[in-house]
Amino acid sequence: MAASRPLVSVYNEKGQSTGNSVVLPAVFRAPIRTDIVNFVHDQMRRNKRQARAVSDKAGEQTSAESWGTGRAVARIPRVRGGGTHRSGQGAFGNMCRGGRMYAPLKVWRKWHRKINLKQRRYALVSAIAASGVPSLVLAKGHSIETVPEIPLVLSDKIQDLKKTKEAVGVLRKIGAWSDILKVYASKHTRAGKGKMRNRRTVMKRGPVIIYDKDNGVKKAFRNIPGVSLLSVERLNLLRLAPGGHVGRFVIWTESAFKKLDALYGTWSKKSQLKVDFNLPQPIMTNSDLGRLLKAFEIQSVLRAPIKRQARRKVKKNPLKNISLMSRLNPYAAVQKRRTLLQQLKGRRTGTTAESKIAARKERTHASLKTKRLSGVNLVKKTKKQQIGATTTTTTTATKTTVSTKSS
Amino acid sequence: MTDTVKKMDTKTTTKKAISKVPEVLLKKRKLYADLKAKRLRAQVQATKNKKYKRLVIFKRAEQYVSEYRKKERDLIRLKRSAKVRNNYHVEAEPSLAFVIRIRGIRGVHPRVKQVLRLFRLRQINNGIFVKLNKATVQMLRIAEPYIAWGYPNLKSIRELIYKRGFGKANKQRMPLSDNSVIEKALGKYNIICMEDLVHELFTVGENFKKASNFLWPFKLNNPKGGWRKKANHFADGGDFGNREQYINQLLRKMV
């Protein structure tokens, strides 16, 4: 892993940088797997559920019996007896009024989920890593424009705060108050039945303060709306990635920040506080897509982009389309020109009826001539006429020549 | 893993500041410049080739015209000279046939079906050029009631190829709208243009099989003016079977 681990400055409770700086823990360079975070969050969220079910007896507290066939009524069990509306009404079925529901809910439904330890840890590590990426934190919706640095590390003095007033002062000084204001602004009544179930208001989540030793931090910060408190040793994915989405605004205390390396390890060193755990390996060593796409090694092997697709062209008939014909057969133009010239000169080109008749006459004339002279073809014809003659002979062959082959 | 950014020396004493260009960009520019140069050279060569080819095609077409005429006149001359001596000139049996499938797909005898498949006549009114020899003539005899065939003349061949000619290029049915289609497929047999193709088919040449196979089976129209009676042999006033030179009349109506 050639990921850089820069120095992170520590800020005091007045929002000024103290001289100290801490090397960024390796956790912040772990792969951010939002899919794992989403899954684990989803599973973890089920673990706080309380069982609910419908009474076993609901809908069964009748002695209804079906009337059977032959009474012009549907065959569901009906309540016995008389003297009340209830008598003769359908009972027991899920379709019946006052009947038992379909598949009555049971308390032994599986409410909680087991999650693999490795997965849990992976998700947590991803969530921590995401909290160190300002764009992800902004995307989550936190107001961190006035915060001096992400990850935000405050000195350990924070851990000793006792008064909420002081806590508020600290948040103001470090520029995190706008996030709290957002929380105030987001307070509204819940939609749904939760309203009447003691979950009346909802609001956004603000920053989470992660401390090492609680000397009063918890009590100081807990009344500020939106703020969550977490001990570094007991980090909670439900707080670090609320809603299953990574990138919560985290405020670390110095000792908490320093403990992260020991807790999660660096790739070269295993975790000291967790048994047999090291940070997950990323799949790509270099995931800088922009860089990769421009890299010479990749660019030189790519084929040229297809900017113009070859589309289907309508086939044109060269026998009618002159330009297409000349493209296919450059000699055709010459032939055509000659034909036209012959036509203009009034000579036979072998294409008109007159020329056909004339050609036939000439043939008979020629055959007579050859009878006198021994076999020598003395008929003088021009090139075009001969061509004309050939075409006529073939088309009128039906009349004059004897068919030599029978089918 | 990270590429170093190549920085030009800006500490020179020249007045102009040299811009810093990343190495990646420089490499890309060089690559593109090389490609462009190659492309332009290829273009120039291609136009030269094109010009030369056109000349070749022209010369060939001219030569073929005289060749066809010569063939025609030779035959006539031989016949006439024989007649004069009260002798007979028996011309060679035709070596080229054009076969059209007349009947449809349904209820075909398997033997006939196989023969038609071998001839690539899988659809009604499909036509192909066939070299006539003992083998093919016997095949035609098997499939006789399903086909109309005969001896095409030059005009028929030209009309078929120019108007209805499609070639097999990369297993696709490509229209013969440019000589390059023909050249790509049959260039190695010295057939580079439409006229070459026509010549190869008309004078059943060495590479007739390749030329005829390159051509996709012709998809013809129903004859304008109709059939006589598809159920009978041509000799019985119908349409199927060998109709020798009358195939040309039929083709005028079908192409």
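Computed from a prediction, not measured in an experiment: that's the story for all the values here. Residue numbering note: each chain is counted from 1, following its sequence as written. By the order in which they are written, chains take letters starting at A while ligands take numbers starting at 1. This being a predicted model, a pLDDT of at least 70 is required before a residue's local features are given, and a value of 80 or more before pairs of side-chain atoms are given or counted; all residues contribute to the totals for chains, interfaces and linings. Heavy atoms from the whole structure form the basis of all side-chain values; hydrogens and water molecules are not counted.

Undergrad: Got a sec to walk through the overall build of chain A? Specific residues and values, please.
TA: The helix and strand tally for chain A stands at 15 helices and 10 strands. To sort residues, take the accessible area from a 1.4 Å probe on protein chains only and compare it with the maximum for the residue type: under 20% means buried, over 50% means exposed, and anything in between is partly exposed. Per-residue burial for chain A yields a buried fraction of 38% across its 407 residues. Throughout, a contact is declared for two residues whenever any of their heavy atoms are within 4.5 Å. Taking all contacts inside chain A whose residues are at least 6 apart in sequence as the whole, residues at least 24 apart take part in 60%. Helical segments are the DSSP runs of H or I of at least four residues, strand segments are the runs of E of at least two, and each set is numbered from the N terminus.

Undergrad: So what's going on with the sheet that holds strand S3 (residues 147-150) of chain B? Residues and values would help.
TA: Residues and elements named next belong to chain B. A pair of strands counts as paired when DSSP detects no fewer than two bridges linking them. The sheet built from 5 strands is open, its strands ordered S6-S2-S1-S3-S7 with mixed pairing. A single partner strand is all that each edge strand has here, and the edge strands are strand S6 (218-219) and strand S7 (241-242). The sheet contact formed by S3 and S7 spans 2 bridges and is parallel. The partner of tryptophan 149 across the bridge, within S7, is asparagine 242.

Undergrad: Requested: an account of the pattern of salt bridges, with residues and values cited.
TA: A side chain of one charge can pair with a side chain of the opposite charge if their charged atoms are brought near each other. For salt bridges, the criterion is a side-chain nitrogen of Lys or Arg within 4 Å of an Asp or Glu carboxyl oxygen. Taken as a whole and judged by the stated rule, the model has 20 salt bridges over all chains. The partner of B:Asp178 in a salt bridge is A:Arg327, with the nearest N and O atoms 3.1 Å apart. Here B:Asp178 is found in the loop between strand S5 (172-175) and helix H5 (179-186), whereas its partner A:Arg327 is found in helix H11 (residues 322-328) on a different chain. Owing to a relative accessible area of 26%, B:Asp178 belongs among the partly exposed residues under this scheme. With a closest N to O distance of 3.0 Å, B:Glu195 and B:Arg158 form a salt bridge. Placement of the pair is B:Glu195 in helix H6 (residues 194-202) and B:Arg158 in helix H4 (residues 154-164), with a sequence separation of 37 residues. By relative accessible area, which is 5% here, B:Glu195 ends up buried. A single salt-bridge network, built from bridges that share partners, covers A:Asp212, A:Glu233 and A:Lys259.

Undergrad: Give a description of the packing of aromatic side chains that names residues and reports values.
TA: Stacked, edge-to-face and tilted are the three classes for Phe, Tyr and Trp ring pairs, Trp counted by its six-membered ring, which pair at centre distances within 6.5 Å; planes under 30 degrees apart are stacked, over 60 edge-to-face, the rest tilted. If you walk through the whole model with that rule in mind, you get 13 aromatic pairs over all chains. Arranged with centres 5.7 Å apart and planes meeting at 65°, the rings of A:Trp252 and A:Phe257 form a pair that is edge-to-face. With a centroid separation of 5.7 Å and 85° between ring planes, the pair formed by B:Phe129 and B:Phe218 is classed as edge-to-face. Here B:Phe218 lies in strand S6 and B:Phe129 lies in strand S2 (residues 126-131), a separation of 89 residues in the sequence. Judged by its relative accessible area of 2%, B:Phe218 is buried. Among the aromatic side chains, those forming a connected cluster through ring pairs are A:Phe28, A:Trp252 and A:Phe257. Above the face of the A:Trp67 ring, A:Arg71 is positioned so that its terminal group lies 4.4 Å from the ring centre. In this analysis the charged atom, NZ for Lys or CZ for Arg, is taken to sit over a ring once it is within 6 Å of the ring centre and within 35 degrees of the ring normal.

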